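# Chains, contacts and geometry: an overview
So the chains spell out like this:
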Amino acid sequence: MPTREEILEALKAVIDPELHKDIVTLGMVRDIEIGEGRVGVTVSLTTPGCPIRSQFQTAVTNAVRGLGVPTVDVAFDVLTDSEKQALGRKLGRTQLPEGALAQVEHVICVGSGKGGVGKSTVTANLAAALAAEGKRVGVLDADVWGYSIPRMFGLGGQRPPVSASRKIIPLEAHGVKVMSIGFFVEEDSAVVWRGPMLHKALTQFLEDVDWGELDVLLVDLPPGTGDVSMTLSQLLPEAKFLLVTTPQPTAQRVARRAAEMAHKVSLDIAGVVENMSGFTTPSGERFQLFGEGGGQELADELDVPMLGKVPLTMPLRAQADAGVPLTLEDPDDPAAQALRHTARGLLALLPVKLRMAAAAPVEPAAPVLSITQVEPASAAPAPTGPSLPMAG
Ligand SMILES: Nc1ncnc2c1ncn2[C@@H]1O[C@H](COP(=O)(O)OP(=O)(O)O)[C@@H](O)[C@H]1O
Ligand SMILES: [Mg+2]
């Protein structure tokens, strides 16, 4: 039988296809058990619903069989939060300064593979539903190119004020704190930021916005798996990912790519919301306009809960356009009911965090001050990109 060292050496051939490094270097080999004619290997995954679990299974088996071991048992567990953070550091991730979102309990990124599946509609209505449940809720519109959150909350043409401590104060509507790039550009003008500019703006949205105490911050991601999603997932290593898809198989395939992106940046996928799942006519006839079953299939595949099926209804669209979320305007509409159900399911999933504030007094000003002292340049306009007005 090979030794532990020989097995570890062989396992260096197993490359995480998303992180582009081998599982030994990544510290994902949790345990090796050597028995008579068999070797057991436990691999720690970044998320329980890891879409590439079966690839690891095959690669690990092949690597150890290559040493002449007849039977290879591969088991999986999940990295703890602190192990994931250590992994993030190993991969050279940038992180928010400590304390930036200290008063925000949970961050949930709402993503989809493609646009037009109702991601923003779901985000806005979930936020309103959570607020109606008595939660303190914020929405960060991170869809910088296709921002639609201001309109959905009836917040067109307003600019957020800046506090005495030079923090941007989110606008508030229907009990939800809202921040969007749309507040800083001419109405309906195009945002062309990319790369470093984008990174800076998004960092500011998290760092320089006075979110205050929130139970949940929902982040409306742009479609796809591009710059913004990557930046945010890196800045928010503890965020959960909520996937929105329509019922048809093609949408589900693109949604799976978003899931792979979440895995790549070690974000847990909280669950799936299927939107546009069926339309019922006033006479009660039901049509599956966008097919059937895609959301459940995706949830099964990722081994995460299916949190809701939201039907197509005219009022959901109309209320989004009118700037009052339907979950508030008509909670009994079938789509509103589904979204309120989703909101409660989401809440039930979130672990109850022990508030640091209860154990030690929080001094929110301290981290900000120390950063300006250490790095005075960060207070000046950055040469690489635009600043939101308050920092310019
Ligand atoms: N379940 C639904 N019923 C009716 N209209 C919907 C539904 N979901 C989304 N819409 C409408 O579809 C359009 C696209 O939705 P939106 O939330 O902007 O998608 P995304 O943010 O994914 O691009 C909007 O006009 C929205 O009002
Ligand atoms: Mg949108």
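Everything quoted here is computed from the prediction, not taken from an experiment. (Residues numbered from 1 in each chain as written. Chains lettered and ligands numbered in written order. Predicted model: local features only at pLDDT ≥ 70, side-chain atom pairs only at ≥ 80, totals over all residues. Heavy atoms only, no water.)

## Some words on the packing of helix α1 (residues 4-11) against helix α2 (residues 53-65)
Axis separation between α1 and α2 bottoms out at 9 Å; the angle between their running directions is 130°. Classified by the interaxial angle, the pair formed by α1 and α2 is oblique. Considering only the axes of α1 and α2, their crossing is right-handed. Along the contact surface, α1 presents Ile7, Ala10 and Leu11, while α2 presents Val60, Ala63 and Val64. Residues of the contact of α1 with α2, tallied by class, amount to 6 nonpolar, no polar and no charged. (Axes fitted to C-alpha atoms, helices over the stretch in contact; angles between N-to-C directions. Helix = DSSP H or I, 4+ residues; strand = E, 2+ residues; numbered from the N terminus. Parallel < 35°, antiparallel > 145°, perpendicular 65-115°, else oblique. Left-handed = near helix turned anticlockwise from the far one by under 90°. Contact = heavy atoms within 4.5 Å. Nonpolar A, V, L, I, M, F, W, Y, C, P; charged D, E, K, R; others polar.)

## A few points about helix α12 (residues 334-349)
In a regular helix each residue adds 1.5 Å, so 16 residues correspond to 22 Å; α12 covers 23 Å between its end C-alpha atoms and thus fits that length. Buried within α12 we find Ala335, Ala336, Ala338, Leu339, Thr342, Ala343 and Leu346. The arc that holds every buried residue of α12, seen down its axis, measures 160°, which confines them to one face. Facing away from the buried side of α12 by over 90 degrees, the exposed positions are Pro334 and Ala348. Looking at where α12 begins, the residue whose side-chain oxygen comes 2.7 Å from the main-chain nitrogen of alanine 335 is aspartate 333. (Expected span 1.5 Å × (residues − 1). Buried < 20%, exposed > 50% of the residue type's maximum accessible area, 1.4 Å probe, protein only. Arc of directions from axis to C-beta. Polar contact = N/O pair within 3.5 Å; in protein donor to acceptor, adjacent residues only side chain to side chain.)

## Topic: unusual backbone geometry
Most peptide bonds are trans, and most residues other than glycine sit at a negative phi. Positive phi values are uncommon outside glycine, yet arginine 166 reaches one of about 60°. Even without being a glycine, methionine 276 presents a positive backbone phi close to 65°. The topology assignment puts methionine 276 in strand β12 (residues 268-280). Residue methionine 276 is classed as buried on the basis of its relative accessible area of 17%.

## Here we look at the nonpolar core
Formed by 82 residues in total, the largest nonpolar core has its most connected members in Phe153, Phe241 and Leu243. Looking at this core, the element that brings in the most residues is helix α4 (residues 119-132), giving 7 residues. Every residue in contact with phenylalanine 153, bar those within four places of it in the chain, is listed here: Ala124, Ala127, Val139, Ala173, His174, Val176, Val178, Gly323 and Pro325. (Core = buried A, V, L, I, M, F, W, Y, C linked by side-chain atoms within 4.5 Å.)

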